[in-house]
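# A structural walkthrough
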Amino acid sequence: MLKSCNLGYARGACGRFPLEGPDAVRFSITRRTAAVVSVCCVVEREYLPFSRSTIVYDADGRRFVVPHPDPTIGQQALAYVETYLLRTQR
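Residues numbered from 1 in each chain as written. Predicted model: local features only at pLDDT ≥ 70, side-chain atom pairs only at ≥ 80, totals over all residues. Heavy atoms only, no water.

For the rest of this paragraph, the subject is the side chain of Ser-53. Counting through the fold element by element, Ser-53 comes out in strand 3 (residues 48–58). When neighbours within four sequence positions are excluded, Ser-53 is seen to be in contact with Val-39, Cys-40, Cys-41 and His-68. (Helix = DSSP H or I, 4+ residues; strand = E, 2+ residues; numbered from the N terminus. Contact = heavy atoms within 4.5 Å.)

This brings us to the nonpolar core. One finds Phe-27, Val-39, Tyr-57, Phe-64, Val-81 and Leu-85 to be the most contacted residues of the largest nonpolar core, which totals 13 residues. Contributing elements (two or more residues each) for this core: strand 2 (36–45), strand 3 and helix 1 (71–88). Looking at this core, the element that brings in the most residues is helix 1, giving 5 residues. (Core = buried A, V, L, I, M, F, W, Y, C linked by side-chain atoms within 4.5 Å. Buried < 20%, exposed > 50% of the residue type's maximum accessible area, 1.4 Å probe, protein only.)

Here we come to the pattern of salt bridges. Per the stated rule, a full pass over the model turns up 3 salt bridges. As a salt-bridge pair, Arg-26 and Glu-44 come within 3.5 Å of each other at their nearest N and O atoms. Taken together, the residues span a long stretch of sequence, with Arg-26 in strand 1 (residues 24–32) and Glu-44 in strand 2 at a distance of 18 residues. Among the ionic pairs, Glu-46 bridges to Arg-45, the shortest N-O distance being 3.8 Å. The exposed category is assigned to Glu-46, whose relative accessible area is 51%. (Salt bridge = Lys/Arg side-chain N within 4 Å of Asp/Glu carboxyl O.)

Shown next, in the form of structure tokens:
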């Protein structure tokens, strides 16, 4: 299996990948209204759930009202939600 730092599961294949912590992050839209987007965020380690959280995005204010506690994952979630909104508003 091809492993790359930006695709997840790169532990041992990428010198920049941390030895501890999660391997990958998955996002899924769980609820959508005109003003709110709820996102399930699952952090994985060794192909298993490591942690799970729900973050809530205010579409009108273009910000998270319930952000992810990890700012790096929060930025990834923001890119995911904004891309989702662009795709679904066409």
